[in-house]
Amino acid sequence: MSGTHAPIDTAVRADLVCPEPAARPDLWPAGTYRREDGVLVVGGLALTELAESTPTFVWDTADFAARARRWAEAMNEAFDGRAHVHYAAKAFLCARAVHLANDAGLGIDTASAGELECALRAGATPELVGLHGNNKLDAEIDRAITAGIGRIIVDSLDEIDVLEERARACGLSDVPVMVRVTSGVHAGGHEFIATAHEDQKFGLSLSGAAAQAARRVEASDVLRLIGLHSHIGSQIFAIEGFAEAASRLLELVADLAEEGITIDELDLGGGLGIAYTGADPCPPHPREVAAALRASLEESAAMRGIALPRVSIEPGRSIAGPSQIMLYTIGTIKDQPVDEGQVRTYVSIDGGMSDNIRPALYGAAYTATLANRASAAPLRRCRVVGRHCESGDIVIHDVCLPADIRRGDLLAVPAVGAYGHAMASNYNMLTRPGVIAVADGEAETVIARETVDDVLRRDRDLVASADKTAGTPERMSG
Ligand SMILES: Cc1ncc(COP(=O)(O)O)c(C=O)c1O
Ligand SMILES: N[C@@H](CCCC[NH3+])C(=O)O
């Protein structure tokens, strides 16, 4: 990095420095450390071993499994073995994730035909699978109910009619249904990921529609009411929001009980936050969350004179998030003038908003550190950008990196395991990165990185013209 201008805001702020794994282990897969030669090691594997594979998600599967187990143990301990945990597949899904969740005793929460199909084909126990969605398609419903999944979470009154119709068409008479209730608790980070305030698309309002839905499902001859569901949002650190939502749901449980309708289960959704940078607090341990939920639910139930229903939850981010890091290779580095006499250092990496849309979509903050070496150079405030044709293609707005970073260095971004790969796109026809599992020092590709041919194969005209010239579709197969 060179230039005659002073860098913008030369003061290196501690909160913009990426915490080393030893200082903030919660940001990294467990056991991540920096070797004596400065190389970062994840899952026992030196990240320099993956230098040829960047950009890539690096997934510590043992870390994912341990986080899943921690939720299962915490909930079962707090709720005397009567709780259940469903992994929210939208955070990150592949067959391996299903196996790991399953081995830890978790069910799978899905939200589309694709997620459902992946869970079922990977061998998830159907009774432990749930299906969400504010506009479920007939084909999705048919697949879900004929596979015998354990819960369809209805999201509107209309959908109850559709579910009844589909159940009859499929010859089924005992379809398990939960009613998604909008509790009115507004929690979570960005507005786009808060889901339980009134004026948004999800759920049925506590102020009327939820009770109506419960009555209709209860009265149905083909549906079976198994519980109420609430999801208040995502990236939440304060346990009070979950407790408040649960307490409001219990009020509805008590009202319904007076009408003779029994609610056996409350699903409190997902939402526990994780730390993305050194400025974020450490999230509470699942044990702490589970114990607080138990205490508050017990108090609310006692106050209303009702028995405590079974409790389930659907964590996604808190299981998948810290289990993956993103590994990029640094390319162009340049200083851009921003103000009189000042410059900002732009560090370009070989990925961008197509593998991490969260900064552009939610203003999410990330941090990064050199993965291939340590440096004693002074720190400099940088902006990490991708290689898309878009000035908003910013992966990290502000991070302090050693002033001697150079083309070819590896950059590790922690906590990308949730809503990273899952929200990746092909913008600018970039190929989506793969996911490399690391465990015991070994690397294994679990999701192959896309090739340009993978992307172009969907264009039927290109396939047809390749067929004509080569006489074989293999030409396009990458
Ligand atoms: C219904 C439902 N359950 C679970 C989750 C998972 O949330 P998180 O990844 O924040 O734990 C979500 C996403 O926010 C959701 O919409
Ligand atoms: N996609 C969001 C959270 C998921 C919201 C799902 N209800 C994120 O990246 O933070």
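Please read all numbers here as calculations on a predicted model, not as lab measurements.

Observations regarding the site of ligand 1
Taken together, 15 residues lie around ligand 1, and His 231, Ser 234, Glu 314, Arg 317 and Tyr 419 are the ones closest in. A distance of 2.8 Å is found between an oxygen atom of ligand 1 and a backbone nitrogen or oxygen belonging to Arg 317. In this structure, Tyr 419 approaches ligand 1 through a side-chain N or O atom, which is 2.6 Å from an oxygen atom. Its free accessible area being 390 Å², ligand 1 has 93% of it covered by the protein chains. Partitioned by chemical class, the residues of the shell around ligand 1 number three nonpolar, seven polar and five charged.

Some thoughts on the pairing of strand 22 (residues 442–447)
Both strand 21 (residues 434–439) and strand 22 contribute to a ladder of five bridges, which runs antiparallel. By the bridge assignment, Ile 436 is partnered in strand 22 with Thr 445. Remark: two residues form the turn of the hairpin made by strand 21 and strand 22, two consecutive strands paired antiparallel; Asp 440 in that turn has positive phi of roughly 50 degrees.

Details of the sheet that holds strand 3 (residues 40–42)
One open sheet holds the three strands; their spatial order is 2-3-4, and the pairing between them is antiparallel. The outermost strands of the open sheet, each flanked by one partner alone, are strand 2 (33–34) and strand 4 (45–46). Pairing of strand 2 with strand 3, which is carried by two bridges, proceeds in the antiparallel orientation. Counterpart to Arg 34 in the pairing with strand 3 is Leu 40.

Observations regarding the packing of helix 1 (residues 61–78) against helix 2 (residues 95–103)
Remark: helix 1 packs on helix 2, axes separated minimally by 9 Å, with the N-to-C direction vectors making an angle of 40 degrees. Looking at the two axes, helix 1 sits oblique to helix 2. Read as a crossing pair, helix 1 and helix 2 show a hand that is right-handed. Of helix 2, the residues touching helix 1 (which contributes Thr 61, Phe 64 and Ala 65) are Arg 96, Ala 97, Leu 100 and Ala 101.

Things to note about the pattern of salt bridges
Counting across every chain of the model gives 28 salt bridges. Notably, a salt bridge pairs Arg 143 with Glu 117, separated by 2.7 Å at the nearest N-O pair. Within this pair, whereas Arg 143 is found in helix 4 (residues 138–147), its partner Glu 117 is found in helix 3 (residues 113–121), the two being separated by 26 residues in sequence. A salt bridge links Glu 265 to Arg 310; the nearest nitrogen and oxygen atoms lie 3.2 Å apart. In this pair, Glu 265 sits in strand 13 (residues 265–267) while Arg 310 sits in strand 14 (residues 310–313), placing the two residues 45 residues apart along the sequence. One network of salt bridges, in which partners are shared, links Arg 151, Glu 265, Asp 267 and Arg 310.

What to know about the UniProt feature "binding site: pyridoxal 5'-phosphate" (unreviewed entry) in the protein
In this numbering, the UniProt entry assigns the feature "binding site: pyridoxal 5'-phosphate" (unreviewed entry) to Gly 271, Glu 314, Pro 315, Gly 316, Arg 317 and Tyr 419. One can find Pro 315 in the loop between strand 14 and helix 9 (317–320). Every residue in contact with Pro 315, bar those within four places of it in the chain, is listed here: Trp 71, Val 85, His 86, Tyr 87, Ala 88, Gly 269 and Gly 270. Examined against the element boundaries, Arg 317 turns out to sit in helix 9. We classify Arg 317 as buried; its relative accessible area is 3%. Polar contacts involving the side chain of Arg 317 include one to the side chain of Ser 234, which spans 2.6 Å.

Focus: unusual backbone geometry
A cis amide bond links Thr 54 to the next residue, Pro 55, at an omega of -5 degrees. Not every positive phi belongs to a glycine, and Gln 235 is a case in point at roughly 60 degrees. Residue classification places Gln 235 among the buried residues on the basis of a relative accessible area of 15%.

A short note on the UniProt feature "binding site: substrate" (unreviewed entry) in the protein
Residues annotated in UniProt with the feature "binding site: substrate" (unreviewed entry) correspond here to Arg 317, Arg 358, Tyr 362, Glu 390 and Tyr 419. An extended arrangement is adopted by the annotated residues: their sequence extent is 103 residues, and the largest C-alpha distance between any two is 27.4 Å. With respect to the helices and strands, Tyr 419 occurs in the loop between strand 20 (410–413) and strand 21. If we ignore the near neighbours within four places in the chain, the residues touching Tyr 419 are Lys 90, Ala 91, Arg 317 and Arg 358.

Rules of the game
Residues numbered from 1 in each chain as written. Chains lettered and ligands numbered in written order. Predicted model: local features only at pLDDT ≥ 70, side-chain atom pairs only at ≥ 80, totals over all residues. Heavy atoms only, no water. Near = heavy atom within 4 Å. Polar contact = N/O pair within 3.5 Å; in protein donor to acceptor, adjacent residues only side chain to side chain. Areas by Shrake-Rupley, 256 points an atom, 1.4 Å probe, with all protein chains shown as cover. Nonpolar A, V, L, I, M, F, W, Y, C, P; charged D, E, K, R; others polar. Pairing = 2+ DSSP bridges. Helix = DSSP H or I, 4+ residues; strand = E, 2+ residues; numbered from the N terminus. Axes fitted to C-alpha atoms, helices over the stretch in contact; angles between N-to-C directions. Parallel < 35°, antiparallel > 145°, perpendicular 65-115°, else oblique. Left-handed = near helix turned anticlockwise from the far one by under 90°. Contact = heavy atoms within 4.5 Å. Salt bridge = Lys/Arg side-chain N within 4 Å of Asp/Glu carboxyl O. UniProt positions renumbered as here; feature names shortened; annotations may be inferred. Buried < 20%, exposed > 50% of the residue type's maximum accessible area, 1.4 Å probe, protein only.

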